[in-house]
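# Structure assessment
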Amino acid sequence: MLARTLFLLAVFFSSFSVEAQDPGREVIVGNASYFDFGPPFSFYNVYVLRPDGQNTSIDLLSLTPPANQCNAQTTFEHSRVVAHKTLASLLEHDPCTITDKQILKESKRKRGLQFSGSVLSMRLSCSAKERIIPMQFLEEDLFSDRPNPPKGVSWAMSLMERLGDEFKSQPSDSTERADVVHALAEGAYDSLYTRPAHVLSRLYAESQVPVRTSEVTLVSSTVEPGVHVLPGYPLIAQAAHVEGDIKLQGMIGEDGRLTSLNRTSGPELFEEPSKAALQKWIFRAANAKKTVDVTLHFALNCSTVQRAADLPR
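The notes below deal with the structure included here.

About the criteria used
Residues numbered from 1 in each chain as written. Predicted model: local features only at pLDDT ≥ 70, side-chain atom pairs only at ≥ 80, totals over all residues. Heavy atoms only, no water. Pairing = 2+ DSSP bridges. Helix = DSSP H or I, 4+ residues; strand = E, 2+ residues; numbered from the N terminus. Axes fitted to C-alpha atoms, helices over the stretch in contact; angles between N-to-C directions. Contact = heavy atoms within 4.5 Å. Buried < 20%, exposed > 50% of the residue type's maximum accessible area, 1.4 Å probe, protein only. Arc of directions from axis to C-beta. Patch = residues over 30% accessible without salt bridge, like charges linked within 9 Å, V, L, I, M, F, W, Y side chains within 5 Å. Areas by Shrake-Rupley, 256 points an atom, 1.4 Å probe, with all protein chains shown as cover. Salt bridge = Lys/Arg side-chain N within 4 Å of Asp/Glu carboxyl O.

## Examining the sheet that holds strand 1 (residues 27-34)
- A sheet is described by the order of its strands in space; here 6 strands give the open sequence 4-3-2-1-5-6, paired in antiparallel fashion. Among the strands making up the open sheet, the edge pair consists of strand 4 (75-83) and strand 6 (129-137). Direction aside, neighbouring strands of the sheet carry axes that sit 15 degrees apart on average.
- In terms of strand pairing, strand 2 (residues 42-52) meets strand 3 (residues 55-64) through 9 bridges, oriented antiparallel. Across the sheet, Asn45 pairs through a bridge with Ser62, a residue of strand 3.
- Against the sheet, helix 5 (residues 151-169) touches strand 1, strand 2, strand 3, strand 4, strand 5 (117-126) and strand 6, its axis set at about 95 degrees to strand 6.

Below, the structure is given as structure tokens:
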């Protein structure tokens, strides 16, 4: 009787362990990080884990939105490695055993104002049903000398280290895998986050469109110059998102160059670079002593697509 009981228990636990370590055909891990040092300040990584016999293919989709909302490109990178271990051994723990109660408890940790951190979200199949498991790494989890994260967070952080080590330990294949990139573009990974600061598919779309740069154009000059130079766009004006027209007036000297330059209207931030440029203009000698009114237009050419400021704290 005892032998039969032990046999049945062995069969039960054997079948349980096999099921617990079968994470399905695909596991998606999204990791969105934010830091108070930079720029850039926000980073999005999506890992697509797929079993391949005794190996696991890992596709990494990286998206980095620019800190400056104007004239900066969202970057996208795709790399791929093959880990020489099964998906279950790469995970080292069955995430399906992480309960909603445990997730809720860990999400209610006491925390102060967070300047840096990471939001992890894992999507996989548990008992043939899709499930999304969220985790949050706090600032003390990442940077404390003595971090003490709860069990689920500790495992998730360890998983991120293992995935990173796979890309460090072997050269990655930069050839884009069309299906995962297509899935990203079509919004298949947008649902990883319930309150996204950035929509992943939109970030990818931004990365594919060249960003226009700030520019300065000559609108008008009451006397046509023989040689004219345009000013550069002041960085401080770009940072302050200042754009528009500036009007200046000057007198053409005997040498064909402008003297007595004054700003008559327009943002003060454009005055010094505009004066410096106009002092390089050369007019025909016949126009000496004529008054010249010049209008320059400074355009930021900011992107009109979504630019969220930061991740939810």
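## Topic: helix 9 (residues 271-278)
- All buried positions along helix 9 are accounted for by Glu271, Ser274, Lys275, Ala277 and Leu278. For helix 9, the arc enclosing every buried residue in end-on projection is 165 degrees, short of the 170-degree limit, so these residues lie on one face.
- Each element contacted by the buried residues of helix 9 is listed here: strand 8 (244-252), strand 9 (258-265) and strand 10 (291-299).

## Focus: a nonpolar patch on the surface
- There is a patch of nonpolar side chains on the surface, built from Phe37, Leu142 and Phe143 and spanning about 280 Å² of accessible area.
- Relative to the assigned elements, Phe143 resides in helix 4 (residues 139-143).
- The exposure class assigned to Phe143 is partly exposed, which follows from its relative accessible area of 42%.

## Considering helix 6 (residues 178-185)
- Those residues of helix 6 that fall on the buried side of the exposure criterion are Val180, Val181, Ala183 and Leu184. Seen end-on, helix 6 carries its buried residues on one side only, within an arc spanning 155 degrees.
- Packed against the buried residues of helix 6 are strand 2, strand 3, strand 4 and helix 7 (200-207).
- Following helix 6 by one or two positions, Gly187 adopts a phi angle in the positive range, close to 90 degrees.

## Details of the environment of Ser33
- Structurally, Ser33 can be placed in strand 1.
- Residue Ser33 is classed as buried on the basis of its relative accessible area of 11%.
- Expressed as a C-alpha distance, the spacing of Ser33 and Ser116, which sit 83 residues apart in the sequence, is 7.6 Å.

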